[in-house]
Amino acid sequence: MKLTKRQLSVTVAALFFAAAPAFAAKPLLIGVQAPITGQYANEGQGIADAVKLIVKQTNAKGGLLGHQLEVKVCDDQGEAAPAAICARQLTNDGVLAVIGSYTSGAALAAQPIYARANIIQTSDGTSDELTSRGYKTFFRNAPPNSAEALFTAGYFKAMGYKRIAVLTDHSSFSTGLADAVVADSKKEGIDVLDKAFINAGSQNFTPVLTKLNALNPQVVYFSGYYTDGGLVKAQMAQLGMKAKFVGGDANQNVAFAKIAGNAAAGAVIINVPAPQDLPYPAAKEFLAEFKTAYGHEPPSIFTLTNADGLRAILYTAEKIKSVEPAKLIPALHKLDDFKGLTGTFSWNSVGERTGSPYVAFEVTPSGGYKITYPATAVAK
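Calculation notes
- Residues numbered from 1 in each chain as written.
- Predicted model: local features only at pLDDT ≥ 70, side-chain atom pairs only at ≥ 80, totals over all residues.
- Heavy atoms only, no water.
- UniProt positions renumbered as here; feature names shortened; annotations may be inferred.
- Helix = DSSP H or I, 4+ residues; strand = E, 2+ residues; numbered from the N terminus.
- Rg over C-alpha atoms; globule rule 2.2 N^0.38 Å.
- Buried < 20%, exposed > 50% of the residue type's maximum accessible area, 1.4 Å probe, protein only.
- Contact = heavy atoms within 4.5 Å.
- Areas by Shrake-Rupley, 256 points an atom, 1.4 Å probe, with all protein chains shown as cover.
- Lys, Arg positive; Asp, Glu negative; His and termini not counted.
- Charge placed at Lys NZ, Arg CZ, Asp CG, Glu CD.
- Pairing = 2+ DSSP bridges.
- Salt bridge = Lys/Arg side-chain N within 4 Å of Asp/Glu carboxyl O.

The name given to the protein chain in an unreviewed UniProt entry is Branched-chain amino acid ABC transporter substrate-binding protein, with the source organism recorded as Thiomonas arsenitoxydans. Here is the UniProt Sequence similarities (unreviewed entry) comment for the protein chain, exactly as written: "Belongs to the leucine-binding protein family."

Novice: Would you explain the overall build of the protein chain in this entry?
Specialist: Within the protein chain, the secondary structure is distributed over 14 helices and 15 strands. Here the protein chain has a C-alpha radius of gyration of 24 Å; the compact-globule value for 380 residues is 21 Å, and the two agree. Taken along its principal axes, the extent of the C-alpha atoms in the protein chain is 100 × 40 × 35 Å. Across the 380 residues of the protein chain, 54% fall into the buried class. Considering only contacts in the protein chain between residues 6 or more positions apart, those separated by 24 or more positions represent 66%. Put simply, the protein chain shows about 16400 Å² of open surface, and 56% of that area lies on carbon and sulfur atoms. Positive and negative side-chain charges of the protein chain, numbering 35 and 30 respectively, have mean locations separated by a distance of 6 Å.

Novice: Would you take a moment to explain the UniProt feature "domain: Leucine-binding protein" (unreviewed entry) in the protein chain for this structure?
Specialist: In this numbering, the UniProt entry assigns the feature "domain: Leucine-binding protein" (unreviewed entry) to residues 30-364. Secondary structure content for residues 30-364 is 46% helix and 19% strand, and the end C-alpha separation is 37 Å.

Novice: What is the right way to read the pairing of strand β15 (residues 369-373) from this model?
Specialist: Note on strand geometry: in a regular strand, side chains alternate between the two faces of the sheet. Strand direction decides the pairing type here: strand β14 (residues 359-363) and β15, joined by four bridges, are antiparallel. The residue of β15 that forms the bridge with Glu362 is Lys370. What sits between β14 and β15 in their antiparallel hairpin is a turn of five residues, with Gly367 showing a positive phi close to 95°.

Novice: Help me out: how do you make sense of the pattern of salt bridges in this one?
Specialist: When charged atoms on two side chains of opposite charge get close, those side chains can pair. Enumeration according to the criterion identifies nine salt bridges in this entry. Here Arg133 ties to Glu129 by a salt bridge, and the two come within 3.5 Å at their closest N and O atoms. In this structure Glu129 comes out as partly exposed when scored by relative accessible area, which is 37%. A salt bridge links Lys211 to Asp194, with the nearest nitrogen and oxygen atoms 3.5 Å apart. Of this pair, Lys211 sits in helix α8 (residues 206-213) while Asp194 sits in strand β7 (residues 191-197); the two residues are 17 residues apart in sequence, bridging distant segments of the chain. On the accessibility criterion, Asp194 (18% relative accessible area) is buried.

Structure (structure tokens):
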């Protein structure tokens, strides 16, 4: 039987709409590059869990601009060589954006690969080099070493510390932070007795601590990661050192107190506020949802700074109604006063996060945190 033109048109249209699901918008892929295994595994797992939770919540609300989201996770172990492999793998997967990595060294290794592919990369790596290279695809989730060092030197001065020793590992993050703390402390008139090095993961730090103890410092400042920081604090106690332990932001992890044991109490850590200190309703809601989903609290504030990286990307895409990198990347550089889980922040022309205050908090006997400086933060 022959069909009229009108019947033919109706038939073709019916076939098109019947097949419409096959032509539905493809899922958008969100990459996670983080240390899922290795010494920083709980940080990497926290980042991946936060991203998965946000993606689940977004999909439940209809997705992003008609697209469902999917998560691709790659384990970079927090190291440079695996990080470069992850970057190539996630690039080949066709991800829109990558959340990670946790360490500056891993983020630096992946950075040029994502830049060449025009893939958005966010990271809590704090090395100043990450935003000085000029890659427009990079956005930092946490304040840089330079800002932290300035606050740390001010804290030393406010506490009346005049003699400090600095301890660091050989990573780009730790050495950069240590160098900045040394420089800013000297500007404040503080005597930096020594800057000593450890090999990360070497377990026994008593020889270098014995050397530093002989200099009679008021403070031993450690710029490295919590896996070593907890041991440094424990071994300081074993040696009977009277110096105060003050650690950089990478010491802020629930595992620090577990590693240091009874010696953890009294340690001071410099960072943006810890998860339990966040006063924002959205943060409290997300923390409750995270605990319901995974049965535990986030391991550190970096779970939430990375969550904010993804949330800012999704917010901006919705705002400009586009996921095209050519439109989305410039819009992210103009992000202003975004209401994040970790506070209101902006991204500037080089992808630097601005508007994040630091605090100093002591580890309590229970392993929690108590803000001790500045007075305005304590008052809250």
